[in-house]
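# Breakdown of the fold
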Amino acid sequence: MNTVKVRDIEIGTGTPKIVVPICGVSREEILEAARSLEGLPANVVEWRADWFEEVMDFDAVESVLRELRLVLGNTPLLMTFRRAQEGGEKDIHLGDYEALNIRAAKTGYVDMIDVELFTGDEIVRNIIQRAQAQGVKVIASNHDFQKTPCKDEIISRLLRMQELGADILKMAVMPESPQDVLTLLSATEEMVSGGAEQPVVTMSMGGTGVISRLCGQVFGSAMTFGAVGKASAPGQIDVQDLKKILDVMQNAL
């Protein structure tokens, strides 16, 4: 399996890399949240642009990206607009979604962008190709807040992301039982050991799924999300607690 190098971080080897989301509404909240991360164990910072009150004004988006780049220094920056259909704060016309991601990749301020698998193959492929042409890595993603699909369906979606050319393959699901968490972990292990050419990132959400955020190194998930203040999805735990648990796992393996 290939690994993905982003600045000084290599995704897909060793301990899962910790991603910390920023979910501020205003420019001031976003930058304050970024400054508060200094000294914390964040390998990657994700700006959830769908929370931003001015996200439909690209000049405002570019201004925030520029300032985030200055604050974060060499820490990789991932920009994500999570659509309402997949748990995000806002809906967006698909043409605007496509343009936002492509324009962000061209700024030179972001290292990665997230593109949702179910925005359609043509849009996904175009965003991936245009971003990669700028040296920006792409996480293809799918989030099911209602249920956990069967193992074969999870693997099928991850493989489709890979076929479309994504650098990292991500899937998050909602468990209705502990068995659903086992389904997600089994699909992750089977994908990583049998078909993945790119790093895989999976998680089972909510309290029932917390274990999936901690055991990635065992089952093959290459990144995990930790919270500082406001969580961006159900089940995220404090980033410092997350780092301690990942270190315990690393030392035991």
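This text follows the structure it describes.
Residues numbered from 1 in each chain as written. Predicted model: local features only at pLDDT ≥ 70, side-chain atom pairs only at ≥ 80, totals over all residues. Heavy atoms only, no water.

## A few points about the pattern of salt bridges
- According to the stated counting rule, one finds 14 salt bridges in the structure shown.
- For arginine 82, the salt bridge identified is with glutamate 116, shortest N-O distance 3.1 Å. Of the two residues, arginine 82 sits in the loop between strand S5 (77-80) and helix H3 (94-106) while glutamate 116 sits in strand S6 (residues 112-116), which places them 34 residues apart along the sequence. Comparing arginine 82 with glutamate 116, the two get one shared label, buried.
- Counted as one network, the salt bridges with shared partners bring together Arg82, Arg83, Asp114 and Glu116. (Salt bridge = Lys/Arg side-chain N within 4 Å of Asp/Glu carboxyl O. Helix = DSSP H or I, 4+ residues; strand = E, 2+ residues; numbered from the N terminus. Buried < 20%, exposed > 50% of the residue type's maximum accessible area, 1.4 Å probe, protein only.)

## A few points about the packing of aromatic side chains
- In the structure shown here, the tally under the stated rule is two aromatic pairs.
- On the basis of an interplanar angle of 55° and a centroid distance of 5.6 Å, the ring pair of tryptophan 47 and phenylalanine 52 is categorised as tilted.
- Residue classification places tryptophan 47 among the buried residues on the basis of a relative accessible area of 0%.
- Since its relative accessible area comes to 1%, phenylalanine 52 is described here as buried.
- Judged by centre distance (6.4 Å) and plane angle (80°), the rings of phenylalanine 81 and tyrosine 97 are edge-to-face. In this pair, phenylalanine 81 sits in the loop between S5 and H3 while tyrosine 97 sits in helix H3, placing the two residues 16 residues apart along the sequence. Each of the two residues, phenylalanine 81 as well as tyrosine 97, counts as buried. (Phe/Tyr/Trp six-rings, centres within 6.5 Å; stacked < 30°, edge-to-face > 60°.)

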